[in-house]
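Architecture and fold: a report
In case you want the letters, here they are:
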Amino acid sequence: HVSVVLLGVPWNSSGTTDGVTRAPAALRAAGLVERCAADVTVRDGGDVAVDPPTSERGRDGVIDGPNLAVTLARVRDAHLEALAVQVACCRQPGAT
């Protein structure tokens, strides 16, 4: 039996809140969770928190690099948390 957790990350590489930052909400509104649930067990893990972006480019050439680093750490943490929940559920007697 397949079980998945969907995590949204409303982030883009331009340091703005338009475009692909809207993708997680748009995909949910389009029925992504329900469509996936037709084939697998799905838990919507929500969106990873993203701080307000800035379009400033650092000396390394990366736009909003400090925020990117924080966001990636939050994505990692959300992924590890989701994985831990999945593993714990599988270990419970009678879990599917």
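As the structure is a computational prediction, the values presented were derived from the model and not from experiment.

Here Asn12 shows up in the loop between strand E1 (3–8) and helix H1 (23–29). In terms of polar contacts, Asn12 uses its side chain to reach the backbone amide nitrogen of Ser14, at 2.9 Å. Within polar-contact distance, the side chain of Asn12 engages the side chain of Thr16 at 3.2 Å.

What follows is about unusual backbone geometry. Backbone geometry at Asp64 places phi at a positive 55 degrees, although glycine is not the residue there. For Asp64, the location among the structural elements is in the loop between strand E2 (41–47) and helix H3 (65–91). You can call Asp64 buried: its relative accessible area is 6%.

Below, the discussion takes up the environment of Leu68. Along the chain, Leu68 turns up in helix H3. Ignoring anything within four residues of it in the chain, the contact list for Leu68 reads Trp11 and Val62.

Below, the discussion takes up the environment of Thr54. As for its placement among the helices and strands, Thr54 is situated in the loop between E2 and H3. Between the C-alpha atoms of Thr54 and Asn67, which are 13 residues apart in sequence, the distance is 8.4 Å. Setting aside residues up to four positions removed in sequence, Thr54 forms contacts with Gly15, Ile63 and Asp64.

A few words now on the pattern of salt bridges. All chains considered together, the criterion is met by four salt bridges. Note that Asp44 and Arg28 form a salt bridge whose closest N and O atoms lie 2.7 Å from each other. Of this pair, Asp44 sits in strand E2 while Arg28 is found in helix H1, placing the two residues 16 residues apart along the sequence. The partly exposed category is assigned to Arg28, whose relative accessible area is 24%. With its nearest N and O atoms 3.1 Å apart, the salt bridge here joins Arg74 to Asp51. Note that Arg74 is positioned in helix H3 and Asp51 in the loop between E2 and H3, a separation of 23 residues in sequence. By relative accessible area, which is 28% here, Arg74 ends up partly exposed. Residue Asp51 is classed as partly exposed on the basis of its relative accessible area, which comes to 33%. Through salt bridges with shared partners, one network takes in Arg28, Asp44 and Asp47.

Conventions adopted
Residues numbered from 1 in each chain as written. Predicted model: local features only at pLDDT ≥ 70, side-chain atom pairs only at ≥ 80, totals over all residues. Heavy atoms only, no water. Helix = DSSP H or I, 4+ residues; strand = E, 2+ residues; numbered from the N terminus. Polar contact = N/O pair within 3.5 Å; in protein donor to acceptor, adjacent residues only side chain to side chain. Buried < 20%, exposed > 50% of the residue type's maximum accessible area, 1.4 Å probe, protein only. Contact = heavy atoms within 4.5 Å. Salt bridge = Lys/Arg side-chain N within 4 Å of Asp/Glu carboxyl O.

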